[in-house]
Amino acid sequence: MSGIADLPYRFEVTATTAEIRERFPALGPGEETGVMVSVAGRIMLSRPQGRFAFIELRDSSGTIQLFGVEGVARDLKQLGRLSLGDWIGASGEVVCTKRGELSVKVLDWVLLAESRRGLGDKWKGISDVELRYRHRELDLWVNEASRRKLRARSKMVSLLRTWLDKRGFIEVETPILHPVAGGALARPFVTYHNALGAELYLRVAPELYLKRLVVGGFERVFEIGRVFRNEGISPRHNPEFTMLELYQAYADYRDLMALTEELVAYLAQEITGSTRLIYADRIVEVGPPWRRATLYELVAENAGVDVSVKMPIERLRRIADDLGVPVEPSWGPGKVVLEIYEKTTEANLWDPVFVCDYPKEVSPLARQHRDDPVLVERFEAILVGRELANAFSELTDPDDQRTRFEAQMALRAAGDEEAMVLDEDYLRALEEGLPPTAGLGIGLDRLAMLLVDAQSIREVIPFPTLRPFHSSRSYGTGGALEDPSDRDRDVFEK
RNA sequence: GCGCCUCUAGCUCAACUGGCAGAGCAACGGACUCUUAAUCCGCAGGUUGGGGGUUCAAGUCCCCCGAGGCGCACCA
């Protein structure tokens, strides 16, 4: 086999394997077409047999058999000696073998890249989850289900962009490095800018910048972007995850309920072919309309107790205690009510429901409810027992916002590391004038999980966060990378 | 962060109550005129995640460390 230095710089592909199958869906055994194609991909299986060679070639669209015949294919012997995992380009005629397999009868071929490590067991592939996530490229070659999930996610995001674009939303990109991490109750990652000599935070939400753009006259904006929260890792949490946030001027949270159910139903229909999804072996119907219910109602249904933020704190604590829900002494009524809901109710909500009207105390950026001053106009969309979306009629009053920020700062001073920091730039923007606006956030990883029936968030993230690997142990190393042969060294040192 | 479980050849997995670390596939060498996880012959492959301890003897029992999975906590 020739050296790495001889590998070509490009290869002219004239057909994908899928295109060949589309064009010749029903060739009979032994038929020839006279049609010449050039295909490229990786060798997944190889069956050299004397003066023939049968090779399964896979590209991003599918697979096709390469059929090598001595005297027809260039250097059949070498063709049959290629390893599983090698990339090759091959040109030849589309034919059907005597046994009825659609094939490319190879005339010429070229090695495009060597696979020094192989692709795992050719029948069982790889299943070690750590290997799958640390070396996702292997997983993708070997496991069809992994390819399917990541492709579906990509399609979901693409459909989402188009859908929002059609409704007049414009896409923007706001800063990821924040001088203060605002817009969500979460602990941030901290970093440092040398030239500025200043600490910066990786954003926990794009919210405040997006609303400043609404102040600037972008009446419908959205951002799809990574946010970072310094929290634990679990099958439903990755430290960096992708959020859709959108803001619509002149709208309130009821408008966003309609938007949310319509959007999710559309994505489900386009990606799975139905609004009736199967998740974790259970059916969930996401077609609109979704149920709308208040947080109080749902707690009454699921925990069998009436709660209200207006109740005396002692009474709320007693209710929580009776339900076995631990509460901190520092918590106010709103936080206790929310805690009761989260511990007793949320996980039971399988079918989609808009949980409406949250305590003001726990929603520092949401606008006071028009009918109840201790609540805000906020909803969370819950599906399969999990929060999928969070939205509210935005707080537009700068004085009220300052008061809310100050309450957050008090919590922070009392040791709550997730409490918000007062953001003067944002307050100034509100003073400049934010029209009535509704805002929505959807965790896209979670949405993708729902659509592809993934039980772990890692399945829909190409490279999920894992603990850095330090020990001398290594995965799948045959020593080749650590010990390049002399033949390859000059290439590495170029 | 805490609890439980897992880690054996490149991959997928065996190895009873502690008793000589094995197989299939891959890789490597060879045979084969239509294969479909081709088949056949041959060859090689390991500090059993790392370190320490108990024992005549440790993949197996004990301790420490590392990584992963699940659950709890936190959140989306």
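So, a few notes on the structure that sits alongside this text. From a predicted model like this one, the values you see are computed outputs, not experimental measurements.

Rules used throughout
Residues numbered from 1 in each chain as written. Chains lettered and ligands numbered in written order. Predicted model: local features only at pLDDT ≥ 70, side-chain atom pairs only at ≥ 80, totals over all residues. Heavy atoms only, no water. Pairing = 2+ DSSP bridges. Helix = DSSP H or I, 4+ residues; strand = E, 2+ residues; numbered from the N terminus. Axes fitted to C-alpha atoms, helices over the stretch in contact; angles between N-to-C directions. Contact = heavy atoms within 4.5 Å. Near = heavy atom within 4 Å. Polar contact = N/O pair within 3.5 Å; in protein donor to acceptor, adjacent residues only side chain to side chain. Expected span 1.5 Å × (residues − 1).

### A look at the sheet that holds strand β5 (residues 102–113)
As summarised here, the arrangement of the 5 strands in space is β1-β2-β3-β5-β4, forming a closed barrel in which the pairing is mixed. Each strand of the sheet is rotated relative to its neighbour by a mean of 50°, with strand direction disregarded.

### Thoughts on the environment of L246
One can find L246 in strand β11 (residues 240–249). For L246 and G439, which are 193 residues apart along the polypeptide, the C-alpha to C-alpha distance reads 5.6 Å. The contact partners of L246, leaving out residues within four places of it in the chain, are L164, F169, V221, F222, L256, L259, A438, G439 and L440.

### A short note on the protein's contact with RNA strand B
Not every one of the 51 residues close to RNA strand B is listed here, only the nearest: R99, E130, H237, R446 and R467. A share of 61% is what sugar and phosphate atoms reach among the atoms of RNA strand B within 4 Å of the protein. Here a phosphate oxygen of RNA strand B and a side-chain polar atom of Q49 are 3.0 Å apart. Elements that contribute at least two residues to the surface near RNA strand B include exactly β1 (32–49), β2 (52–59), β3 (62–69), α2 (76–81), α3 (129–134) and α10 (333–344).

### Some details on helix α11 (residues 398–413)
Side chains of residues three or four places apart in an α-helix project in the same direction, reflecting 3.6 residues per turn. Here α11 is 16 residues long and its end C-alpha atoms lie 22 Å apart, about the 22 Å a rise of 1.5 Å per residue gives. Capping of α11 at its N-terminal end is provided by D397; its side-chain oxygen lies 2.9 Å from the backbone amide nitrogen of D399. Following α11 by one or two positions, G415 adopts a phi angle in the positive range, close to 110°.

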